[in-house]
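Residue-level listing of the chains:
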Amino acid sequence: MSISIVHVLDLESGNLRSLSNALTKLGYEVKWIKKPSDGLDEAEILLFPGVGNFGHFVNELWSRGFVEPLRAYIASGRRIMGICVGLQALFAGSTESPGVKGIGIIPAELQKFDDSTKSVPHIGWNSASVTNTEDEGLYSLCAESKYYYVHSYRADIEVPVREGWTVAVGNYNGEEFVGAMCKDNVFATQFHPEKSGVAGLRVLRAFLRGNRISKAQPLHGGILKKNLGLTNRLIACLDVRTNDDGDLVVTKGDQYDVREKSATASAGGKVRNLGKPVEVAERYYLQGADEVTFLNITSFRNCPLVDMPMLEILRKTSETVFVPLTIGGGIRDLIDPDGTKISALDVASVYFRSGADKVSIGSDAVIAAEKFYERGQVLTGETAMETISRSYGAQAVVVSVDPKRVYVSSPEATKHHVIRTSYPGPNGEEYAWYQCTIKGGRELRDLDVRQLVTAVEKMGAGEILLNCIDKDGTNSGFDLELINDVKSAVKIPVIASSGAGKPEHFLEVFEKTNTDAALGAGMFHRNEYKVADVKNYLSEHGLLVRNEPELAL
């Protein structure tokens, strides 16, 4: 019997719009279940997605009365698929949330990744390789494909295997974990199929059709070993703002100046118009971008939250772009024109419901860090980073940093953290520190970049988007000294940004730093290079990247 309706558990946990869009693309109608009486008894296929903190998510299951009905659903033999924390919730518990009981189908506890040797959370594209030969092709899982993961806690493979589960294994810098698992009517993925491009959509479609074993052609031997592990992640960034005609456009600045240079006028010319945001984002997705980031540099401060133009951009983009979407700009406490007070958490929630997977916080993170040090490094639990990460997980919070290099004659010449640079200053200075800025680089603050990233990591940020004002728009390559300095200060992932002008710059940043991802903008906007050109170049030089052999389902 062909099933055209899929029931999805809705605990208001992160970006459910993208999952709904993926199901629509595959030809299915979605029915939401917010409480057990919403149709759980009549569901034939149930999707069980979740993101963020294990305890927050599982406590919602208990408080809404879902745990026993879910156990009964599983026992009935009807098909169910857990996604991300939906997989984790099937376990007895997690060290992330001591004392919080999961559904308990698997008698084991999740453990945190070892952050002494790598960045945590584990964010990016990794493998899910089935260990048993007879299960190769499980729900279209393929050894040569990559899937999008974002988690800090892992399920060890030993107990599920012992309990009779078929396990697809992931490997993050030597630590194996459950990438996906299946037993009878239950299938679960730690990765997000709706955010894993065509490879993820194939897995989702195979499960919905009940095609447990498909005709995948996994790789073997040395080729497979070479393909395993986390890829070098490539992100396309779109600066979005209103132009002089009031239209939203993709633009790009030179050291943050987005207006065309004018030889006659003292002020700059018109805002650079490099395309329509939704069209540009889809183009980069089709070229193979691993993520797409929108940085809203207008912020639409006088616009009611529900009418913010960026919300519509996110909704439209998520209909056709099945990789992670980040939105930055305006993630703060605000007051709507009608006087309604809206918290940063509520703003972020609206963005997540509109299709965003992560939110990026800029100037407000700097202000919060300054206050953090003024209080003697005491957390309040009330900053945007703390409230959002508590509800949606640290992986949903990116802090965008805009530092500017300041040269000094010696370390004693400043109270700030300095580096010894290989690129002396205008007066031969051999030392420099990186000064934080706010308001798009227009205002300098008495805070160095190391102070900032250390503070926001403690506040719950899960990733650093590391820009560099000195490098922005120069096409001269990334600031490798800055990247290495920040990487040495934090355990969370760092995205290198600013300065990329050709594929060689991406090879250089991945080989000479430990950056977790690299971001490009102008070189793509101006059609000088495609995302695929950079990936092919990296692959030719022996770096592991995600390359989908074809985009057709």
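On a predicted model such as this, the values are computed, not experimentally measured, just so you know. (Residues numbered from 1 in each chain as written. Predicted model: local features only at pLDDT ≥ 70, side-chain atom pairs only at ≥ 80, totals over all residues. Heavy atoms only, no water.)

1. Overview of the overall build of the protein chain
Thought 1: Regarding its fold elements, the protein chain presents 17 helices and 28 strands.
Thought 2: By sequence separation, contacts in the protein chain at least 24 residues apart represent 71% of the contacts at least 6 residues apart.
Thought 3: Surface exposure of the protein chain reaches about 22,000 Å², of which carbon and sulfur atoms provide 46%. (Helix = DSSP H or I, 4+ residues; strand = E, 2+ residues; numbered from the N terminus. Contact = heavy atoms within 4.5 Å. Areas by Shrake-Rupley, 256 points an atom, 1.4 Å probe, with all protein chains shown as cover.)

2. Quick notes on empty space enclosed by the protein
Thought 1: Considering all chains together, one arrives at two cavities of 30 Å³ or more under this definition.
Thought 2: The space that makes up the largest cavity amounts to roughly 230 Å³.
Thought 3: The wall of the largest cavity is formed by 20 residues, among which N15, V51, V150, H192 and D357 lie closest to the centre.
Thought 4: Only β3 (45-50) and β9 (147-151) provide two or more residues apiece to the lining of the largest cavity.
Thought 5: Looking at side-chain class alone, the lining of the largest cavity contains ten nonpolar, six polar and four charged residues.
Thought 6: Quantified by volume, the second largest cavity comes out at close to 40 Å³. (1 Å grid on protein atoms, 1.4 Å probe; cavity = no way out; pocket = protein on both sides within 12 Å on 5 of 7 lines; lining within 4 Å. Points joined across faces, edges and corners; volume = space filled by probe spheres on them. Nonpolar A, V, L, I, M, F, W, Y, C, P; charged D, E, K, R; others polar.)

3. Overview of the environment of K146
Thought 1: Secondary-structure assignment places K146 in the loop between β8 (129-130) and β9.
Thought 2: Residue classification places K146 among the buried positions, given a relative accessible area of 4%.
Thought 3: With 85 residues separating them along the chain, K146 and T231 place their C-alpha atoms 8.3 Å apart.
Thought 4: A distance of 2.8 Å separates polar atoms of two side chains, one belonging to K146 and the other to S127.
Thought 5: Of the polar contacts made by the side chain of K146, one reaches the backbone oxygen of G229; its length is 2.6 Å. (Buried < 20%, exposed > 50% of the residue type's maximum accessible area, 1.4 Å probe, protein only. Polar contact = N/O pair within 3.5 Å; in protein donor to acceptor, adjacent residues only side chain to side chain.)

4. So, the packing of aromatic side chains
Where two aromatic rings form a pair, the distance of their centres and the angle of their planes describe that pair.
Thought 1: The final tally for this structure, using the stated rule, is 16 aromatic pairs.
Thought 2: Ring centres of F113 and Y172 lie 5.4 Å apart, and the angle between their planes is 85°; on these two criteria the pair is classed as edge-to-face. With F113 in the loop between β6 (106-112) and β7 (122-126) and Y172 in strand β11 (residues 166-172), the pair connects residues that are 59 residues apart, well separated along the chain.
Thought 3: Judged by relative accessible area, which is 2%, F113 ranks as buried.
Thought 4: The exposure class assigned to Y172 is buried, which follows from its relative accessible area of 3%. (Phe/Tyr/Trp six-rings, centres within 6.5 Å; stacked < 30°, edge-to-face > 60°.)

5. Quick word on the nonpolar core
Thought 1: Judged by nonpolar contacts, the single largest core of 167 residues is most densely connected at L61 and Y351.
Thought 2: If sequence neighbours within four positions are ignored, L61 has contacts with L9, L11, F48, F66, V67, L70, A89 and I103.
Thought 3: Counting residues in each nonpolar core, the second largest holds nine residues, with L295, V398, A517 and A521 among its members. (Core = buried A, V, L, I, M, F, W, Y, C linked by side-chain atoms within 4.5 Å.)

6. What about the packing of helix α1 (residues 17-25) against helix α6 (residues 197-209)?
Thought 1: Closest axis-to-axis distance for the α1/α6 pair is 10 Å, and the angle between their directions is 65°. Considering the angle they form, α1 stands roughly perpendicular to α6. For the pair α1 and α6, the crossing hand works out as right-handed. On the side of α1, the interface is formed by L19, A22, L23 and K25, while α6 contributes L201, L204 and L208.
Thought 2: Residues of the contact of α1 with α6, tallied by class, amount to six nonpolar, no polar and one charged. (Axes fitted to C-alpha atoms, helices over the stretch in contact; angles between N-to-C directions. Parallel < 35°, antiparallel > 145°, perpendicular 65-115°, else oblique. Left-handed = near helix turned anticlockwise from the far one by under 90°.)

7. So, the pairing of strand β12 (residues 175-183)
Thought 1: Within β12, seven of the nine residues are buried, which leaves the element mostly enclosed by the surrounding structure.
Thought 2: As paired strands, β11 and β12 are joined by seven bridges and run antiparallel to one another. Considered in β12, the bridge of Y172 is made with E175.
Thought 3: Count of turn residues in the β11/β12 antiparallel hairpin: two residues, of which N173 carries a positive phi of about 50°.
Thought 4: Sheet topology places β12 next to strand β13 (residues 186-189); four bridges connect them, and they run antiparallel. Bridge pairing links A180 to T189 in β13.
Thought 5: Between the antiparallel neighbours β12 and β13 lie two residues, among them D184 with a positive phi of about 55°. (Pairing = 2+ DSSP bridges.)

8. Concerning helix α17 (residues 531-540)
Thought 1: All of the buried residues along α17 are V531, V534, K535, Y537 and L538. One side of α17 carries all its buried residues, which in axial view fall inside an arc of 160°.
Thought 2: At the exit of α17 stands G542, carrying a positive phi of roughly 85°. (Arc of directions from axis to C-beta.)

9. Remarks on α6
Thought 1: The first and last C-alpha atoms of α6 sit 19 Å apart over 13 residues, in line with the 18 Å expected at 1.5 Å per residue.
Thought 2: Counting buried residues in α6 gives eleven out of 13 residues, a clear majority hidden from the surface.
Thought 3: If you check which residues of α6 are buried, you get G197, V198, A199, G200, L201, R202, V203, L204, A206, F207 and L208.
Thought 4: Looking one or two residues beyond α6, the residue adopting positive phi is G210, at roughly 80°. (Expected span 1.5 Å × (residues − 1).)

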